[in-house]
Amino acid sequence: MKLGLQLGYWGAAMPPNAAEIVVAADEVGYDAVFTAESWGSDVFTPLAWWGSATRNVRLGTAVAQLSARTPTAAAMAALTLDHLSGGRAILGLGVSGPQVVEGWYGAPFGRPLARTREYVGIVRQVLAREAPVANAGPHYPLPYTGPGADGLGKPLKPITHPLRKDLPIWLGAEGPKNVALAAEIADGWLAVYYSDKLAEQYNSWLDDGFAKPGARRSRADFEVAASVTVTVTDDRAAEFDKHRPIIALYAGGMGAEQKNFHADLFRRMGYADVVDEVTALFRAGRKAEAAAAVPDELVSDVAIIGSPEQVRAQVKQWADRGVTMLMVSPRTVEEVRAVAAVLADN
(Lines give C-alpha, C1' and ligand atoms only; values in the text may rest on other atoms or scores of the structure.)
Protein backbone atom coordinates (compact mmCIF):
# COMPACT_ATOMS: atom_id res chain seq x y z
CA MET A 1 0.00 0.00 0.00
CA LYS A 2 1.41 3.38 -1.05
CA LEU A 3 1.08 6.41 1.18
CA GLY A 4 0.13 9.86 -0.05
CA LEU A 5 0.24 13.01 2.07
CA GLN A 6 -2.91 15.09 1.55
CA LEU A 7 -2.26 18.70 2.54
CA GLY A 8 -5.70 19.82 1.41
CA TYR A 9 -6.53 23.49 0.94
CA TRP A 10 -5.76 26.30 3.35
CA GLY A 11 -8.11 27.69 5.93
CA ALA A 12 -7.90 31.31 7.03
CA ALA A 13 -4.10 31.19 6.84
CA MET A 14 -1.28 29.07 5.50
CA PRO A 15 -0.61 25.95 7.61
CA PRO A 16 2.48 26.80 9.65
CA ASN A 17 4.35 23.49 9.45
CA ALA A 18 3.45 22.21 5.99
CA ALA A 19 7.01 22.55 4.67
CA GLU A 20 8.35 20.34 7.49
CA ILE A 21 5.62 17.74 6.97
CA VAL A 22 6.32 17.53 3.24
CA VAL A 23 10.04 17.01 3.80
CA ALA A 24 9.34 14.35 6.44
CA ALA A 25 7.01 12.50 4.07
CA ASP A 26 9.72 12.56 1.41
CA GLU A 27 12.28 11.20 3.87
CA VAL A 28 10.23 8.30 5.25
CA GLY A 29 9.02 6.92 1.94
CA TYR A 30 5.63 8.43 1.14
CA ASP A 31 4.87 7.98 -2.54
CA ALA A 32 3.20 11.35 -3.17
CA VAL A 33 2.15 14.72 -1.75
CA PHE A 34 -1.17 16.28 -2.75
CA THR A 35 -2.80 19.69 -2.44
CA ALA A 36 -6.38 20.84 -2.98
CA GLU A 37 -8.28 24.04 -3.71
CA SER A 38 -11.72 25.38 -2.88
CA TRP A 39 -12.16 29.16 -3.01
CA GLY A 40 -9.01 30.32 -1.27
CA SER A 41 -5.52 28.91 -1.80
CA ASP A 42 -4.79 27.46 -5.23
CA VAL A 43 -3.63 23.93 -5.93
CA PHE A 44 -0.40 24.38 -7.91
CA THR A 45 1.61 27.06 -6.08
CA PRO A 46 2.07 25.13 -2.79
CA LEU A 47 3.20 22.05 -4.69
CA ALA A 48 5.87 24.01 -6.52
CA TRP A 49 7.02 25.84 -3.39
CA TRP A 50 7.08 23.00 -0.87
CA GLY A 51 7.85 20.35 -3.46
CA SER A 52 11.11 22.09 -4.34
CA ALA A 53 12.55 20.74 -1.07
CA THR A 54 11.78 17.11 -2.01
CA ARG A 55 13.50 14.62 -4.26
CA ASN A 56 11.35 11.50 -4.32
CA VAL A 57 7.64 12.09 -3.74
CA ARG A 58 5.30 12.65 -6.63
CA LEU A 59 3.48 15.98 -6.56
CA GLY A 60 -0.24 15.82 -7.21
CA THR A 61 -3.32 18.02 -7.36
CA ALA A 62 -6.28 16.50 -5.55
CA VAL A 63 -8.03 18.16 -7.05
CA ALA A 64 -7.56 21.00 -9.49
CA GLN A 65 -11.06 22.29 -10.17
CA LEU A 66 -12.01 22.23 -13.85
CA SER A 67 -13.70 25.61 -13.70
CA ALA A 68 -10.69 27.29 -12.10
CA ARG A 69 -8.74 27.28 -15.34
CA THR A 70 -9.16 26.31 -18.96
CA PRO A 71 -7.90 22.87 -20.00
CA THR A 72 -4.92 24.40 -21.79
CA ALA A 73 -4.06 26.43 -18.66
CA ALA A 74 -4.23 23.28 -16.54
CA ALA A 75 -1.99 21.48 -19.02
CA MET A 76 0.50 24.38 -18.92
CA ALA A 77 0.64 24.27 -15.12
CA ALA A 78 1.05 20.49 -15.06
CA LEU A 79 3.78 20.38 -17.69
CA THR A 80 5.62 23.21 -15.92
CA LEU A 81 5.47 21.43 -12.57
CA ASP A 82 6.56 18.21 -14.26
CA HIS A 83 9.70 19.89 -15.65
CA LEU A 84 10.50 21.59 -12.33
CA SER A 85 10.14 18.33 -10.38
CA GLY A 86 11.93 16.07 -12.83
CA GLY A 87 8.85 14.15 -13.90
CA ARG A 88 6.97 13.81 -10.62
CA ALA A 89 3.69 15.61 -11.36
CA ILE A 90 0.22 14.07 -11.15
CA LEU A 91 -2.68 16.10 -12.52
CA GLY A 92 -5.73 15.33 -10.44
CA LEU A 93 -8.91 16.93 -11.77
CA GLY A 94 -12.45 17.31 -10.46
CA VAL A 95 -15.62 19.20 -11.30
CA SER A 96 -16.25 20.54 -7.75
CA GLY A 97 -19.93 21.42 -7.20
CA PRO A 98 -22.49 23.89 -8.51
CA GLN A 99 -22.20 26.23 -5.54
CA VAL A 100 -18.48 26.75 -6.15
CA VAL A 101 -18.57 26.61 -9.95
CA GLU A 102 -21.45 29.03 -10.37
CA GLY A 103 -20.92 31.08 -7.22
CA TRP A 104 -17.13 31.48 -7.30
CA TYR A 105 -16.08 30.91 -10.90
CA GLY A 106 -19.21 32.33 -12.51
CA ALA A 107 -19.56 29.40 -14.89
CA PRO A 108 -22.39 26.92 -15.52
CA PHE A 109 -22.11 23.59 -13.73
CA GLY A 110 -24.20 21.57 -16.17
CA ARG A 111 -22.99 18.49 -18.05
CA PRO A 112 -20.11 17.64 -15.67
CA LEU A 113 -19.35 14.28 -17.30
CA ALA A 114 -19.23 15.69 -20.82
CA ARG A 115 -17.14 18.64 -19.65
CA THR A 116 -14.68 16.31 -17.92
CA ARG A 117 -14.27 14.10 -20.97
CA GLU A 118 -13.67 17.11 -23.21
CA TYR A 119 -11.31 18.75 -20.71
CA VAL A 120 -9.14 15.66 -20.34
CA GLY A 121 -9.02 15.21 -24.10
CA ILE A 122 -7.64 18.71 -24.57
CA VAL A 123 -5.07 18.28 -21.81
CA ARG A 124 -3.87 15.08 -23.47
CA GLN A 125 -3.56 16.90 -26.80
CA VAL A 126 -1.32 19.51 -25.16
CA LEU A 127 0.86 16.89 -23.48
CA ALA A 128 1.16 14.79 -26.63
CA ARG A 129 2.25 17.83 -28.67
CA GLU A 130 1.65 15.92 -31.89
CA ALA A 131 -0.42 18.62 -33.61
CA PRO A 132 -1.86 22.06 -32.93
CA VAL A 133 -4.52 21.78 -30.26
CA ALA A 134 -8.06 22.01 -31.59
CA ASN A 135 -11.42 21.07 -30.17
CA ALA A 136 -14.88 21.40 -31.67
CA GLY A 137 -16.56 21.90 -28.31
CA PRO A 138 -19.20 22.45 -27.19
CA HIS A 139 -17.71 23.21 -23.78
CA TYR A 140 -14.13 24.23 -24.62
CA PRO A 141 -14.04 25.18 -28.33
CA LEU A 142 -10.54 25.78 -29.68
CA PRO A 143 -10.10 28.07 -31.49
CA TYR A 144 -12.97 30.09 -30.06
CA THR A 145 -15.32 31.37 -32.77
CA GLY A 146 -18.37 32.31 -30.71
CA PRO A 147 -19.83 35.68 -29.74
CA GLY A 148 -17.20 38.40 -29.48
CA ALA A 149 -14.53 36.47 -31.39
CA ASP A 150 -12.51 38.49 -33.90
CA GLY A 151 -11.86 35.42 -36.05
CA LEU A 152 -8.08 35.51 -35.73
CA GLY A 153 -7.64 32.57 -33.38
CA LYS A 154 -5.75 29.56 -34.65
CA PRO A 155 -4.77 26.15 -33.23
CA LEU A 156 -1.44 26.23 -31.39
CA LYS A 157 1.10 23.77 -30.04
CA PRO A 158 2.65 24.36 -26.62
CA ILE A 159 5.95 26.21 -27.00
CA THR A 160 7.47 24.19 -24.18
CA HIS A 161 7.89 20.52 -24.99
CA PRO A 162 6.23 18.47 -22.22
CA LEU A 163 8.66 16.33 -20.27
CA ARG A 164 6.22 13.38 -20.32
CA LYS A 165 3.49 12.79 -22.83
CA ASP A 166 1.93 10.30 -20.43
CA LEU A 167 1.88 12.57 -17.37
CA PRO A 168 -0.73 10.82 -15.20
CA ILE A 169 -4.20 12.29 -14.99
CA TRP A 170 -6.41 11.18 -12.10
CA LEU A 171 -10.06 12.07 -11.58
CA GLY A 172 -11.84 12.86 -8.36
CA ALA A 173 -15.23 11.13 -8.56
CA GLU A 174 -18.01 9.91 -6.27
CA GLY A 175 -20.98 8.76 -8.35
CA PRO A 176 -21.26 5.68 -10.58
CA LYS A 177 -20.89 7.42 -13.93
CA ASN A 178 -18.03 9.60 -12.72
CA VAL A 179 -16.10 6.64 -11.30
CA ALA A 180 -16.63 4.67 -14.51
CA LEU A 181 -15.42 7.67 -16.51
CA ALA A 182 -12.24 7.78 -14.42
CA ALA A 183 -11.53 4.14 -15.26
CA GLU A 184 -12.19 4.79 -18.94
CA ILE A 185 -10.18 7.97 -19.62
CA ALA A 186 -7.84 8.50 -16.66
CA ASP A 187 -4.85 6.86 -15.00
CA GLY A 188 -6.22 6.88 -11.48
CA TRP A 189 -9.23 7.55 -9.28
CA LEU A 190 -9.21 9.92 -6.31
CA ALA A 191 -11.81 8.47 -3.93
CA VAL A 192 -13.38 10.64 -1.24
CA TYR A 193 -14.74 8.89 1.84
CA TYR A 194 -13.95 5.41 0.57
CA SER A 195 -15.69 2.67 2.52
CA ASP A 196 -15.38 -1.09 2.49
CA LYS A 197 -19.18 -1.19 2.48
CA LEU A 198 -19.16 0.24 -1.03
CA ALA A 199 -16.09 -1.59 -2.33
CA GLU A 200 -18.00 -4.07 -4.48
CA GLN A 201 -20.09 -1.27 -5.92
CA TYR A 202 -17.01 0.83 -6.63
CA ASN A 203 -15.26 -2.06 -8.31
CA SER A 204 -18.31 -2.69 -10.46
CA TRP A 205 -18.31 0.94 -11.57
CA LEU A 206 -14.59 0.79 -12.33
CA ASP A 207 -15.06 -2.40 -14.30
CA ASP A 208 -17.74 -0.64 -16.37
CA GLY A 209 -15.14 1.96 -17.31
CA PHE A 210 -12.37 -0.52 -18.04
CA ALA A 211 -14.75 -2.38 -20.37
CA LYS A 212 -15.37 0.67 -22.57
CA PRO A 213 -13.86 0.50 -26.08
CA GLY A 214 -10.59 2.38 -26.08
CA ALA A 215 -10.28 2.46 -22.28
CA ARG A 216 -6.87 3.82 -21.36
CA ARG A 217 -6.03 1.45 -18.49
CA SER A 218 -6.92 -1.87 -16.95
CA ARG A 219 -7.20 -2.87 -13.32
CA ALA A 220 -3.53 -3.94 -13.39
CA ASP A 221 -2.11 -0.46 -14.07
CA PHE A 222 -4.77 1.84 -12.63
CA GLU A 223 -4.28 3.63 -9.31
CA VAL A 224 -7.00 3.93 -6.68
CA ALA A 225 -6.12 6.58 -4.11
CA ALA A 226 -8.48 6.81 -1.13
CA SER A 227 -8.50 9.90 1.07
CA VAL A 228 -8.66 8.72 4.66
CA THR A 229 -7.56 9.66 8.14
CA VAL A 230 -5.19 7.09 9.64
CA THR A 231 -4.70 7.51 13.38
CA VAL A 232 -2.73 5.15 15.57
CA THR A 233 -4.20 5.43 19.07
CA ASP A 234 -5.54 3.49 22.04
CA ASP A 235 -8.27 6.11 22.57
CA ARG A 236 -10.60 5.49 19.65
CA ALA A 237 -13.51 7.30 21.30
CA ALA A 238 -11.63 10.59 21.47
CA GLU A 239 -10.59 10.31 17.84
CA PHE A 240 -14.12 9.46 16.77
CA ASP A 241 -15.32 12.66 18.44
CA LYS A 242 -12.80 14.67 16.40
CA HIS A 243 -14.22 13.26 13.16
CA ARG A 244 -17.91 13.83 13.86
CA PRO A 245 -17.93 17.60 13.11
CA ILE A 246 -16.09 17.07 9.82
CA ILE A 247 -18.47 14.36 8.66
CA ALA A 248 -21.43 16.48 9.75
CA LEU A 249 -20.11 19.34 7.63
CA TYR A 250 -19.72 17.16 4.54
CA ALA A 251 -23.00 15.28 5.03
CA GLY A 252 -25.15 18.21 6.10
CA GLY A 253 -23.45 21.48 5.26
CA MET A 254 -21.63 21.08 1.95
CA GLY A 255 -23.25 22.30 -1.25
CA ALA A 256 -26.96 22.97 -1.35
CA GLU A 257 -29.46 21.00 0.68
CA GLN A 258 -31.04 19.66 -2.50
CA LYS A 259 -27.70 18.82 -4.18
CA ASN A 260 -24.90 17.53 -1.96
CA PHE A 261 -22.75 14.86 -3.61
CA HIS A 262 -21.14 13.91 -0.30
CA ALA A 263 -24.55 13.37 1.28
CA ASP A 264 -25.47 11.13 -1.64
CA LEU A 265 -22.36 9.06 -0.97
CA PHE A 266 -23.26 8.58 2.70
CA ARG A 267 -26.78 7.60 1.66
CA ARG A 268 -25.35 4.90 -0.61
CA MET A 269 -23.43 3.60 2.40
CA GLY A 270 -26.74 3.03 4.19
CA TYR A 271 -26.90 6.17 6.30
CA ALA A 272 -29.87 7.96 4.70
CA ASP A 273 -31.61 8.56 8.03
CA VAL A 274 -28.41 9.89 9.57
CA VAL A 275 -27.89 12.24 6.64
CA ASP A 276 -31.44 13.57 6.96
CA GLU A 277 -31.01 14.23 10.67
CA VAL A 278 -27.56 15.74 10.35
CA THR A 279 -28.65 17.97 7.46
CA ALA A 280 -31.69 19.27 9.33
CA LEU A 281 -29.63 20.08 12.40
CA PHE A 282 -26.74 21.60 10.47
CA ARG A 283 -28.98 23.79 8.32
CA ALA A 284 -30.74 24.99 11.47
CA GLY A 285 -27.42 26.17 12.87
CA ARG A 286 -27.26 23.40 15.48
CA LYS A 287 -23.82 22.19 14.42
CA ALA A 288 -22.83 20.58 17.70
CA GLU A 289 -25.99 18.49 17.67
CA ALA A 290 -25.39 17.60 14.03
CA ALA A 291 -21.94 16.32 14.92
CA ALA A 292 -23.30 14.33 17.86
CA ALA A 293 -25.76 12.63 15.49
CA VAL A 294 -22.93 11.04 13.49
CA PRO A 295 -22.67 7.44 14.75
CA ASP A 296 -19.47 5.57 15.56
CA GLU A 297 -20.17 3.10 12.77
CA LEU A 298 -20.08 5.82 10.13
CA VAL A 299 -16.79 7.18 11.45
CA SER A 300 -15.22 3.73 11.48
CA ASP A 301 -16.41 3.12 7.92
CA VAL A 302 -14.53 6.10 6.48
CA ALA A 303 -11.57 6.50 8.85
CA ILE A 304 -8.87 4.09 9.98
CA ILE A 305 -8.45 4.52 13.73
CA GLY A 306 -7.06 2.21 16.39
CA SER A 307 -4.08 0.25 17.61
CA PRO A 308 -1.27 -0.65 15.20
CA GLU A 309 -2.83 -4.08 14.75
CA GLN A 310 -6.29 -2.65 14.05
CA VAL A 311 -4.89 -0.12 11.59
CA ARG A 312 -2.88 -2.72 9.70
CA ALA A 313 -5.86 -5.07 9.50
CA GLN A 314 -8.16 -2.42 8.04
CA VAL A 315 -5.51 -1.25 5.59
CA LYS A 316 -5.04 -4.82 4.38
CA GLN A 317 -8.79 -5.12 3.93
CA TRP A 318 -8.82 -2.00 1.74
CA ALA A 319 -5.81 -3.22 -0.24
CA ASP A 320 -7.56 -6.52 -0.90
CA ARG A 321 -10.48 -4.51 -2.29
CA GLY A 322 -8.26 -2.72 -4.82
CA VAL A 323 -7.08 0.45 -3.07
CA THR A 324 -3.46 1.15 -4.06
CA MET A 325 -2.79 4.32 -2.07
CA LEU A 326 -3.99 5.88 1.17
CA MET A 327 -4.05 9.67 1.06
CA VAL A 328 -3.60 10.57 4.72
CA SER A 329 -3.63 13.93 6.48
CA PRO A 330 -1.19 13.91 9.42
CA ARG A 331 -0.61 17.38 10.81
CA THR A 332 2.73 16.92 12.55
CA VAL A 333 6.07 15.43 11.60
CA GLU A 334 5.61 12.86 14.35
CA GLU A 335 2.30 11.74 12.87
CA VAL A 336 3.84 11.51 9.40
CA ARG A 337 6.51 9.19 10.74
CA ALA A 338 4.13 7.18 12.94
CA VAL A 339 1.79 6.29 10.06
CA ALA A 340 4.73 5.29 7.87
CA ALA A 341 6.19 3.13 10.63
CA VAL A 342 2.95 1.28 11.34
CA LEU A 343 2.31 0.59 7.65
CA ALA A 344 5.90 -0.24 6.71
CA ASP A 345 5.09 -3.90 6.19
CA ASN A 346 1.67 -3.49 4.52
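Structure: above.
Residues numbered from 1 in each chain as written. Predicted model: local features only at pLDDT ≥ 70, side-chain atom pairs only at ≥ 80, totals over all residues. Heavy atoms only, no water.

Some words on the pattern of salt bridges
For clarity, the cut-off: When a carboxyl oxygen of Asp or Glu lies within 4 Å of a side-chain nitrogen of Lys or Arg, that pair is called a salt bridge. Think of it this way: any DSSP run of H or I at least four residues long counts as a helix, any run of E at least two long counts as a strand, and we number them from the N terminus. Each residue is placed in one exposure class: buried if its accessible area under a 1.4 Å probe, protein chains only, is under 20% of its type's maximum, exposed if it is over 50%, and partly exposed if it falls in between.
This model, assessed by the stated rule, comprises 23 salt bridges. Here Lys 197 and Asp 301 are joined by a salt bridge, their closest N and O atoms 3.3 Å apart. In this pair, Lys 197 sits in the loop between β7 (188-192) and α7 (199-210) while Asp 301 sits in helix α12 (residues 296-302), placing the two residues 104 residues apart along the sequence. Among the residues examined, Asp 301 registers a relative accessible area of 13% and is labelled buried. One salt-bridge network, held together by shared partners, links Arg 124, Asp 187, Arg 216, Arg 217 and Asp 221.

A few points about the packing of aromatic side chains
Note the following rule: Centres within 6.5 Å are what make two rings of Phe, Tyr or Trp a pair, Trp counting through its six-membered ring; a difference in plane orientation under 30 degrees is then read as stacked, over 60 as edge-to-face, and the rest as tilted. Both a distance and an angle decide whether a charge sits over a ring: NZ of Lys or CZ of Arg must be within 6 Å of the ring centre and within 35 degrees of the ring normal.
With the rule as written, the count across this model stands at 11 aromatic pairs. Judged by centre distance (5.4 Å) and plane angle (85°), the rings of Tyr 119 and Tyr 140 are edge-to-face. One end of the pair, Tyr 119, is in helix α5 (residues 112-128); the other, Tyr 140, is in the loop between α5 and β6 (169-173), with 21 residues separating them in the sequence. The same class applies to Tyr 119 as to Tyr 140, namely buried. Seen from their ring centres, Tyr 202 and Trp 205 are 5.5 Å apart, and the 70° between their planes marks the pair as edge-to-face. Separated by three residues within a single helix, Tyr 202 and Trp 205 lie in helix α7, roughly one turn from each other. The class of Trp 205 is buried, set by a relative accessible area of 9%. Sitting above the plane of the Phe 109 ring, Arg 115 keeps its charged end 5.4 Å from the centroid.

Structural notes on the nonpolar core
Here is the rule we go by: Note on terminology: a nonpolar core comprises buried Ala, Val, Leu, Ile, Met, Phe, Trp, Tyr and Cys residues joined through side-chain atoms within 4.5 Å. By the convention used here, residues are in contact when the closest approach between their heavy atoms is within 4.5 Å.
By size, the foremost hydrophobic cluster in this structure holds 100 residues, and its most contacted members are Tyr 30, Leu 93, Trp 189, Tyr 194, Phe 266 and Leu 326. It is α5 that provides the largest number of residues to this core, a total of six residues. Apart from the residues lying within four places of it in its own chain, the contact partners of Leu 326 are Met 1, Lys 2, Leu 3, Gly 4, Ala 226, Val 228, Val 230, Ile 304, Val 315, Trp 318 and Leu 343. Counting 10 residues, the second-largest nonpolar core is a separate cluster that includes Ala 32, Phe 34, Ile 90 and Met 325.

With respect to the layout of surface pockets
Cut-off, in case you're wondering: For cavity detection a 1 Å grid was placed over the protein atoms alone, and a set of points counts as a cavity when a 1.4 Å probe fits there but cannot get out; an open set counts as a pocket when protein lies on both sides within 12 Å along at least five of seven lines, with lining residues being those that have an atom within 4 Å of a point. Grid points are joined across faces, edges and corners, and a volume is the space filled by probe spheres set on the points.
Size it by volume and the second largest pocket reaches roughly 350 Å³. Looking at the second largest pocket, it is lined by 15 residues, and the ones nearest its centre are Thr 72, Met 76, Leu 156, Lys 157 and Pro 158. In terms of residue count, the dominant contributor to the lining of the second largest pocket is helix α3 (residues 71-84) (four residues).

Some details on the pairing of strand β1 (residues 2-6)
Quick reminder of the rule: Two strands pair if DSSP finds at least two bridges between them.
Across the five residues that make up β1, a large majority, four, are buried. Bridging between β1 and strand β11 (residues 325-328) involves four bridges; their strand directions are parallel. Bridge pairing in β11 places Lys 2 opposite Met 325. Looking at chain direction, β1 and strand β2 (residues 32-35) are connected through three bridges and run parallel. Paired with Gln 6 across the two strands is Phe 34, which belongs to β2.

Some details on empty space enclosed by the protein
If you walk through the whole model with that rule in mind, you get two cavities of 30 Å³ or more. Of the volumes computed, that of the largest cavity is approximately 80 Å³. Leu 66, Leu 93, Gly 94, Val 95, Pro 112, Leu 113, Thr 116, Leu 171, Gly 172, Ala 173, Asn 178 and Leu 181 are the residues that line the largest cavity. Elements represented by at least two residues in the lining of the largest cavity include exactly β5 (89-94), α5, β6 and α6 (176-185).

Describing the side chain of Asn 135
To keep it simple, the criterion reads: Here a polar contact means two N or O atoms within 3.5 Å. Within protein one must be a hydrogen donor candidate and the other an acceptor candidate, and residues neighboring in sequence count only if both atoms are side-chain atoms.
Relative to the assigned elements, Asn 135 resides in the loop between α5 and β6. For Asn 135, a relative accessible area of 17% puts it in the buried group. From its side chain, Asn 135 meets the backbone oxygen of Tyr 140 in a polar contact 2.9 Å long. Asn 135 has contacts with Glu 118, Ile 122, Tyr 140, Pro 141 and Leu 142, leaving out every residue within four places of it along the chain.

Section: the side chain of Thr 233
Examined against the element boundaries, Thr 233 turns out to sit in the loop between β9 (230-232) and α8 (236-253). Contact partners of Thr 233, with chain neighbours within four places excluded, come to Glu 239, Ile 305, Gly 306 and Ser 307.

Quick notes on the packing of α8 against helix α9 (residues 261-268)
The criterion, for reference: The axes used here are C-alpha line fits, helices contributing only the stretch in contact, and every angle between their N-to-C directions lies in the interval 0 to 180 degrees. We call two directions roughly parallel when the angle between them is under 35 degrees, roughly antiparallel when it is over 145, roughly perpendicular when it lies between 65 and 115, and oblique otherwise.
The geometry of α8 relative to α9 is characterised by a closest axis approach of 6 Å and an angle of 105° between their N-to-C directions. Considered as vectors, α8 and α9 are oriented roughly perpendicular to each other. Of the residues in α9, those in contact with Ile 247, Tyr 250 and Ala 251 of α8 are His 262, Ala 263 and Phe 266.

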